[in-house]
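Descriptive analysis of the structure
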Amino acid sequence: MKTLIVCSSMHRGNTKMIAEAMAEILDADLMEPQEADLVNLEQYDLVGFGSGVYGGRPHKSIEKFVFGLPRFRGRKAFVFSTSWRGKPSYNEYLKNKLTCKGFDVAGDFCCKGFNCFGPFKLIGGLNKGRPNKEDVEKARDFARKLKSQECI
Ligand SMILES: Cc1cc2nc3c(=O)[nH]c(=O)nc-3n(C[C@H](O)[C@H](O)[C@H](O)COP(=O)(O)O)c2cc1C
């Protein structure tokens, strides 16, 4: 059973760190949206969509990727994000878009990520060291749970 993780991580690689931890547990292929564009998603049983949060939204590249997808009936998906605030509600946007595309969203994950954008740079950034070991372990647990739910 095959898993793909598509991830946009444009600021500090925070979301990519989480994506890599999940990919290891799920034995998943990990790609940026531009690479995933060239791949037939039909070959995957589970697809993860991850992004940093920029202005309250996932990165444009992953939005564009999801927008361009055909409709999939009942294909399993999951969503994850890192952000300054670490709010689960940031995942709702992609969850809704994927549901509209016919995906069955099996779960979502979020954690805080280091942010040194704009004025935050002047104070050394926010959430230094995040994602940390504990965040990465929680991401692994999330992936283990997906596996045990027999999503894959
Ligand atoms: C341009 C920009 C806008 C951001 N907007 C938000 C935001 O609206 N809410 C939030 O909680 N974090 C925001 N952040 C913080 C990032 O979501 C956070 O640093 C995230 O971990 C970045 O992930 P990445 O390193 O994978 O790109 C923003 C960061 C940047 C660079």
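Keep in mind it's a predicted model, so treat the numbers as computed, not measured.

Description of the packing of helix H1 (residues 14-26) against helix H5 (residues 133-148)
At a minimum axis separation of 8 Å, H1 and H5 run at an interaxial angle of 40°. Along this stretch, H1 crosses H5, giving a crossing that reads as right-handed. Listed contacts from H5 to Met17, Ile18, Ala21, Met22, Glu24, Ile25 and Leu26 of H1 are Asp135, Val136, Ala139, Arg140, Phe142, Ala143, Arg144, Leu146 and Lys147. The residue makeup of the contact of H1 with H5, split by class, is eleven nonpolar, no polar and five charged.

Structural notes on the pattern of salt bridges
Scanning the entire structure with this criterion turns up eleven salt bridges. Between Glu134 and Lys138 there is a salt bridge, and its shortest N-O distance comes to 3.6 Å. Placement of both Glu134 and Lys138 in helix H5 is noted, with a separation of four residues, approximately one turn of the helix. The class for Lys138 is partly exposed, based on a relative accessible area of 46%. Between Glu137 and Arg140 there is a salt bridge, with its nearest N and O atoms 3.2 Å apart.

Conventions adopted
- Residues numbered from 1 in each chain as written.
- Predicted model: local features only at pLDDT ≥ 70, side-chain atom pairs only at ≥ 80, totals over all residues.
- Heavy atoms only, no water.
- Axes fitted to C-alpha atoms, helices over the stretch in contact; angles between N-to-C directions.
- Helix = DSSP H or I, 4+ residues; strand = E, 2+ residues; numbered from the N terminus.
- Left-handed = near helix turned anticlockwise from the far one by under 90°.
- Contact = heavy atoms within 4.5 Å.
- Nonpolar A, V, L, I, M, F, W, Y, C, P; charged D, E, K, R; others polar.
- Salt bridge = Lys/Arg side-chain N within 4 Å of Asp/Glu carboxyl O.
- Buried < 20%, exposed > 50% of the residue type's maximum accessible area, 1.4 Å probe, protein only.

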